[in-house]
Amino acid sequence: MTGRVAGSLSFGMALLLLGPAASAAEGENAAPVALEPIPVILVPHQQATLSAEVTSTVTEIAKELGQAFEAKAPLVLLEKTIHTANRDKAKAQEASARAQLQSKESLLADGQASATEVETARMNLAVARTDLVVAEKQLAACTLKAPFAGRVVRVQVNRYEWVQPGQALVDIVDDHILRAQFLVPSMALPQVKLGQKLSLKVAETGAAVPATVSHIGAVVDPASSTVKVLAEVDNQ
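From a predicted model like this one, the values you see are computed outputs, not experimental measurements. (Residues numbered from 1 in each chain as written. Predicted model: local features only at pLDDT ≥ 70, side-chain atom pairs only at ≥ 80, totals over all residues. Heavy atoms only, no water.)

**Details of the pattern of salt bridges**
A side chain with one charge can pair with a side chain of the opposite charge if their charged atoms come near.
Thinking step 1. Taken as a whole and assessed by the stated rule, the structure comprises nine salt bridges.
Thinking step 2. The residue E53 makes a salt bridge to K137 at a minimum N-O spacing of 3.6 Å. Taken together, the positions of E53 in the loop between strand 2 (38-51) and strand 3 (56-61) and K137 in helix 2 (residues 115-140) put the pair 84 residues apart, joining distant regions of the chain.
Thinking step 3. As a salt-bridge pair, R87 and D88 come within 2.8 Å of each other at their nearest N and O atoms. (Salt bridge = Lys/Arg side-chain N within 4 Å of Asp/Glu carboxyl O. Helix = DSSP H or I, 4+ residues; strand = E, 2+ residues; numbered from the N terminus.)

**Focus on the side chain of S56**
Thinking step 1. Structurally, S56 can be placed in strand 3.
Thinking step 2. Judged by relative accessible area, which is 4%, S56 ranks as buried.
Thinking step 3. Engagement of the side chain of S56 in a polar contact is seen with the backbone oxygen of E79, the distance being 2.5 Å.
Thinking step 4. Contacts of S56, omitting those with residues within four sequence positions, involve L78, E79, H83, E161, W162 and V163. (Buried < 20%, exposed > 50% of the residue type's maximum accessible area, 1.4 Å probe, protein only. Polar contact = N/O pair within 3.5 Å; in protein donor to acceptor, adjacent residues only side chain to side chain. Contact = heavy atoms within 4.5 Å.)

**Some points on the pairing of strand 5 (residues 74-78)**
Thinking step 1. Inspection of the sheet shows strand 3 paired to strand 5 by three bridges, in the antiparallel sense. Note that in strand 5 the partner of V58 across the bridge is L78.
Thinking step 2. Of the pairings in the sheet, the one linking strand 5 to strand 6 (residues 143-145) comprises three bridges and is antiparallel in character. Its bridge partner being in strand 6, P74 is matched across the sheet by K145. (Pairing = 2+ DSSP bridges.)

**Concerning the sheet that holds strand 5**
Thinking step 1. Spatial ordering of the open sheet is given by 6-5-3-8, a layout of four strands whose pairing is antiparallel. The open sheet terminates on both sides in strands that have one partner only, identified here as strand 6 and strand 8 (162-163).
Thinking step 2. With two bridges connecting them, strand 3 and strand 8 associate as antiparallel partners. Counted as the bridge partner of S56 is V163 from strand 8.

**Description of helix 2**
Thinking step 1. Its 26 residues give helix 2 an end-to-end C-alpha distance of 38 Å, which sits within 8% of 38 Å, the value for a rise of 1.5 Å per residue.
Thinking step 2. Of all the positions in helix 2, only V118, A121, L125, A128, L132, A135 and L139 are classed as buried.
Thinking step 3. Residues of helix 2 that are buried make contact with helix 1 (81-109) and strand 6. (Expected span 1.5 Å × (residues − 1).)

**Here's the deal with the pairing of strand 12 (residues 226-234)**
Thinking step 1. Judged from the nine bridges that link them, strand 9 (residues 168-185) and strand 12 form a sheet pairing that is antiparallel. Pairing of R179 across the sheet is with E232, part of strand 12.
Thinking step 2. As judged from the four bridges shared by strand 11 (residues 208-216) and strand 12, these two strands associate in the antiparallel manner. Paired with I216 across the bridge in strand 12 is V229.

**Details of the environment of Q100**
Thinking step 1. Positionally, Q100 belongs in helix 1.
Thinking step 2. The sequence separation of Q100 and V118 amounts to 18 residues, and the corresponding C-alpha distance is 8.9 Å.

**Brief notes about the nonpolar core**
Thinking step 1. Within the largest apolar cluster, 21 residues are counted, with the highest numbers of intra-cluster contacts made by L75 and V76.
Thinking step 2. Of all the elements in the fold, those that place two or more residues in this core are strand 3, strand 5 and strand 9.
Thinking step 3. Those residues in contact with L75 that sit more than four places away from it in its chain are L50, E60, I61, A62, K63, F69, L144, K145, A146, V170 and I172. (Core = buried A, V, L, I, M, F, W, Y, C linked by side-chain atoms within 4.5 Å.)

**Description of the side chain of R179**
Thinking step 1. Structurally, the position occupied by R179 is in strand 9.
Thinking step 2. Looking at R179, the relative accessible area reads 17%, which means it is buried.
Thinking step 3. For R179, the side chain forms a polar contact with the side chain of H45, separated by 3.3 Å.
Thinking step 4. Those residues in contact with R179 that lie beyond four places of it in its chain are I41, L42, V43, P44, H45, H215, L230, A231 and E232.

**Section: helix 1**
Along an α-helix, a turn takes 3.6 residues, which lines up residues three or four apart on a common side.
Thinking step 1. The end-to-end C-alpha distance of helix 1 is 43 Å, a good match for the 42 Å that 29 residues give at a rise of 1.5 Å each.
Thinking step 2. Taken together, the buried positions of helix 1 are H83, R87, A90, E94, A97 and L101.
Thinking step 3. Contact partners of the buried residues in helix 1: strand 3 and helix 2.
Thinking step 4. Just downstream of helix 1, G111 is the residue with a positive phi angle, here 75°.

Here's what the structure looks like:
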């Protein structure tokens, strides 16, 4: 299994074998939870579909299907010539507006400009700075970076294709930590504790994998008399 639950990207079914509940205090012994094995669904702790923020052409797919990447690593690169020019233009306009304000302030001190002219120049500078921020953000968006470390699940675009804001480009998951989702009968809920150590038996491999309860649902489903519980699995 090489240290990962049923392989690098296997988010499937498992069976939960509940072990002793977490102790309320150090050194306290707790009775084991008497339950039959419970079906568990393994899902990634984090997953996301990353979309384009600007209109441009795909120049490079930096990471392909199944490939691993670190946080902030480039995944998809877009043509940035126009966005670079827009950034440079915004920089020049911001510098010009700043110079205009300085000039008006000097003229005001000499009595050759009005307070209204100075205020107008100040507002023009504020607008120019806002335009520069937008232009810099659009230029940065030409490099689609990973928000977290993980692997590529699906690439939804090809090189040379024209993309627009909101268009999905790549699906990614963080497979370092998996999340086990399962339903516990309400009768047994008092025996399930946050931080409790569990044992998962992976259906595909039969391997036993440790997990830790991280979330316990606040309400009981009236139809099934169960409560949803989440546990984290270190998949490294």
